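So you can see what is in the structure, the chains are spelled out below.
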Amino acid sequence: MFISNKNKNIVLIGFMGTGKTVVGKFLSSSYDLDLIDTDELIEKKTGMSISDIFDKHGGAYFRDLENQVLVELKNVNNCVISTGGGIVLRPENRTLLSDMGTIFHLKASFEEILRRVEGTENRPLLDNIDKYECVSSLWKERKELYDIAHFEINTDLFDPQQISVLINMLFKHSLVYDVNWKKTTVICKSNIISKLELLLGYAQNGRGKRIIITDENIDTHYKRLFYDKADEVITLPAGERIKSMENVQKIYDIMLEKDFNRNDLVICIGGGTVLDMGGFVASTFKRGCRLCFIPTTLLSLVDASVGGKNGVNYKDVKNIIGNFYQPDVIVADTIFLKTLPQDEMLSGYGELIKYILLTRKKTRFVSGEDISDVISLSIEYKADIVEKDERDISGRRALLNLGHTFAHVIEALSKNSVSHGQAVADGLVWAYKFSRSLELIERQDVLDLYTVRESYGIKELFFDLKKYDIDDIIKLLKKDKKNIDDDISFILPVRKDDNIVFETKTVDIYNIKRLWSVL
């Protein structure tokens, strides 16, 4: 996982004519960054123009000079570094660039590059030859080498000033996780939605159509903000019932009628149900479209939007049809929390507390700004887990099920009158109490959990699990997908010296009954 704001410089790479020099100047003047142009440094170092260096000494000599300049720059900070188009040709240069900062690949369509370089001077590789053939040959040679970039921006879509604003946002407020060679960018900041057109253009990465999938809650509060940003808008009723194959087929029909293709963008705006269903549509239509998530509930901000799990319900079974498909971009903006009902906030706090425990951060909610920080930590933690274990093969992703074993029981016994997030908040309590009964943690660790809950306004349990017969509880525990044979698997806290870690523990039915009686 790559966290952009922990880097020291902005590095611009890309083919000739993609705007590196002019974008670098906008970044430098707008955000008080020193501008370093590697070609200019080489000209100052040699007292010769780039064209003269190529004429008198050849291309290999110029590439040596590029490498020398990069070595000299490896300790600079707070700079925009604009590079020549061929600087990525040497492996050692690609390594140096990766160590210098956050790399942005500025790209353009082949036709646009030809238009921009026509009539320009000081491009020695294009002198006295057919420009089309030359540009085509160089592009084929270099295009895959630009994949070292953390971010790719299509400069066909925006002017240089807009690109500099986008780069600044990505540099300061984003992270990237990589699953199976697909990069997902997560941008997390309050009110970044004000730059929505830039963000959607970045997500689309080219020209094409857009379709928004959302629900009536968004229609009520944010219709004016979103609906002019897409060719098609599908507004569904709010609630879990929208996750059906019938709705998926209706959206397929619209996308077929409007001739959507794989390069077009599906934008899912809403809570977890919209993201689950919309992600499934995007992942299956023509074997996968570009996908942008804009989560609008606390629960979807901290959990549902990150991870790539998509699905629909079938015959009253939740998420029985689904897949893994990572979004291209996630826009995580806490401004949506201002219109979120209190019960939805409480639901989100359950998952948020889970991540606070997993990251061992004693962070509590004080203001909107503070909750943004906690959400960012939650996203970072889950993205790191997903990158290393997307499909829960190694067992690492199972840690995200902390509190969920008991939560699923609560949801079932309450017939879903207790929301998922509220059930997780309670499930954490039972997991900690259970761990204490197994003497894996200390009494103070349980009290610490109560303190974190209370800091989010959760003073009582949402559901009285103890009033139910243990045999009924065990029947539901046996349905958990983590179980091995007849034993029940739990993700539990374990104290090791001064730290709490979380591990999978299997407990047989006899001991579950024995321990439950004394909880």
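Residues numbered from 1 in each chain as written. Predicted model: local features only at pLDDT ≥ 70, side-chain atom pairs only at ≥ 80, totals over all residues. Heavy atoms only, no water.

### Let's talk about the sheet that holds strand 6 (residues 151–154)
What counts is decided by this rule: At least two DSSP bridges between two strands are needed for those strands to be called paired. Strands here mean DSSP runs of E at least two residues long; helices mean DSSP runs of H or I at least four residues long; both are numbered from the N terminus. Only the stretch in contact is used when a helix axis is fitted, and all axes are lines through C-alpha atoms; the angle between N-to-C directions ranges over 0 to 180 degrees.
Strand order in the open sheet formed by five strands is 3-4-2-5-6, and the pairing between neighbours is parallel. With one partner strand each, in any of the chains shown, strand 3 (34–37) and strand 6 form the two edges of the open sheet. Looking at each pair of strands side by side, their axes are set apart by 20 degrees on average, direction ignored. Bridging between strand 3 and strand 4 (residues 79–82) involves four bridges; their strand directions are parallel. Bridge pairing in strand 4 links Leu 35 to Val 80.

### A short note on helix 20 (residues 509–516)
One full turn of an α-helix is made of 3.6 residues, so residues set three or four places apart face in the same direction. What counts, and what does not: Relative accessibility decides the category of a residue: with a 1.4 Å probe and only protein chains considered, values under 20% of the type maximum give buried, values over 50% give exposed, and everything between is partly exposed. Each C-beta atom gives one direction from the helix axis, and the arc is the one those directions make. The criterion used for residue contact is that any of the two residues' heavy atoms lie within 4.5 Å. The definition of a polar contact used here is a pair of N or O atoms within 3.5 Å, where within protein one atom must be able to donate a hydrogen and the other to accept one, and adjacent residues in sequence count solely through side-chain atom pairs.
Of the positions making up helix 20, those classed as buried are Ile 512, Leu 515 and Trp 516. Taken end-on, helix 20 shows its buried residues confined to a sector of 100 degrees, consistent with a single buried face. On its buried face, helix 20 sits against helix 16 (404–413), helix 17 (420–437), helix 19 (470–477), strand 16 (488–496) and strand 17 (499–507). Where helix 20 begins, one side-chain oxygen reaches toward the backbone nitrogen of Tyr 510, 3.2 Å away; that side chain belongs to Asp 508.

### Details of unusual backbone geometry
With a phi angle near 55 degrees, Asp 32 is a residue other than glycine that sits in the positive phi range. For Asp 32, the position within the fold is in the loop between helix 1 (20–31) and strand 3. Here the phi dihedral of Arg 287 falls at roughly 65 degrees; this positive angle occurs in a residue that is not glycine. Of note, Arg 287 is situated in the loop between helix 12 (272–284) and strand 12 (290–295). Assessed through its relative accessible area of 75%, Arg 287 is described here as exposed.

### Some words on the sheet that holds strand 12
Spatially, eight strands are ordered 1-7-8-15-12-11-9-10 in an open sheet, and the strand pairing comes out mixed. With one partner strand each, in any of the chains shown, strand 1 (2–3) and strand 10 (232–236) form the two edges of the open sheet. Direction of pairing for strand 11 (residues 265–270) relative to strand 12: parallel, over a ladder of six bridges. The residue bridging Gly 270 from the neighbouring strand is Pro 295, located in strand 12.

### Thoughts on the UniProt feature "binding site: substrate" (unreviewed entry) in the protein
What counts here: UniProt positions are given in the numbering used here, feature names are shortened, and annotations may be inferred rather than shown by experiment.
What UniProt calls "binding site: substrate" (unreviewed entry) maps, in this numbering, to Asp 39, Arg 63, Gly 85 and Arg 142. Tracing the chain through its elements places Asp 39 in helix 2 (residues 38–46). Excluding anything up to four places from it in sequence, Asp 39 contacts Ile 50, Phe 62, Glu 66 and Gly 84. Mapped onto the elements, Arg 63 comes out in helix 4 (residues 59–73). According to the relative accessible area criterion, Arg 63 is buried, its value standing at 12%.

### Description of the domain arrangement of the protein
Selection rule: The domain limits used here are those given by an automatic or database domain assignment.
For the protein, the assigned domains read domain 1 (9–171), domain 2 (179–340) and domain 3 (396–517). In this structure, domain 1 and domain 3 have C-alpha centres spaced 54 Å apart.

### A short note on a negative patch on the surface
Threshold: The patches described consist of residues with a relative accessible area above 30% and no salt bridge, like charges being joined within 9 Å and nonpolar side chains (Val, Leu, Ile, Met, Phe, Trp, Tyr) within 5 Å. Note on areas: Shrake-Rupley with a 1.4 Å probe; residue coverage comes only from the protein chains shown. A carboxyl oxygen of Asp or Glu within 4 Å of a side-chain nitrogen of Lys or Arg is what we treat as a salt bridge. In this tally, Asp and Glu contribute negative charge and Lys and Arg positive charge; neither His nor the terminal groups of the chain are included. Note on charges: their place is set at NZ of Lys, CZ of Arg, CG of Asp or CD of Glu.
Together, Asp 485, Asp 486, Asp 487 and Asp 508 make up a region of like negative charge exposed at the surface. Of note, Asp 486 is situated in the loop between helix 19 and strand 16. For Asp 486, a relative accessible area of 64% gives the class exposed.

### What to know about the nonpolar core
Put simply, the test is: Remark: nonpolar core denotes a set of buried residues (Ala, Val, Leu, Ile, Met, Phe, Trp, Tyr, Cys) joined through side-chain atoms within 4.5 Å.
Counting 96 residues, the largest nonpolar core has Ile 375 and Leu 465 as its most contacted members. A domain split of this core shows at least three residues from each of domain 2 (179–340) and domain 3 (396–517). In contact with Leu 465, not counting residues within four places along its chain, are Phe 406, Val 409, Ile 410, Leu 413, Trp 430, Ile 473 and Trp 516. The next biggest cluster of nonpolar side chains, apart from the first, holds 43 residues, and it includes Ile 163, Ile 192, Phe 226 and Ala 230.

### Some words on the confidence of the model for the protein
Defined as follows: A score from 0 to 100, pLDDT tells how confident the predictor is in each residue.
Taken as a whole, the protein shows an average pLDDT of 90; of its residues, 95% reach a score of 70 or greater. Predicted confidence is poor over residues 364–369, with pLDDT under 50, and the contacts of this stretch with residues over four places away or in other chains come to seven contacts.

### Description of the side chain of Asn 205
Residue placement: Asn 205 occurs in the loop between helix 9 (196–204) and strand 9 (210–215). A distance of 2.7 Å separates a polar atom in the side chain of Asn 205 from a polar atom in the side chain of Glu 152. Excluding its chain neighbours within four sequence positions, the residues that come into contact with Asn 205 are Lys 107, Glu 152, Ile 153, Asn 154, Leu 157 and Arg 290.

### Overview of the pattern of salt bridges
Enumeration over the complete set of coordinates arrives at 26 salt bridges. Close ionic contact of Glu 112 with Arg 115 constitutes a salt bridge, the shortest N to O distance being 2.5 Å. Placement of both Glu 112 and Arg 115 in helix 6 (residues 110–117) is noted, with a separation of three residues, approximately one turn of the helix. Given the relative accessible area of 56%, Arg 115 is considered exposed. A salt bridge links Asp 445 to Arg 495, with the nearest nitrogen and oxygen atoms 2.7 Å apart. Here Arg 495 lies in strand 16 and Asp 445 lies in helix 18 (residues 443–455), a separation of 50 residues in the sequence. Salt bridges sharing common partners tie together Asp 303, Glu 351, Lys 354 and Lys 382.

### Focus on the side chain of Asn 310
Looking at the secondary structure, you find Asn 310 in strand 13 (residues 309–314). Judged by its relative accessible area of 6%, Asn 310 is buried. The residues touching Asn 310, leaving out its near neighbours within four places in the chain, are Leu 275, Asp 276, Gly 279, Phe 280, Phe 293, Ile 321, Gly 322, Asn 323, Phe 324 and Tyr 325.

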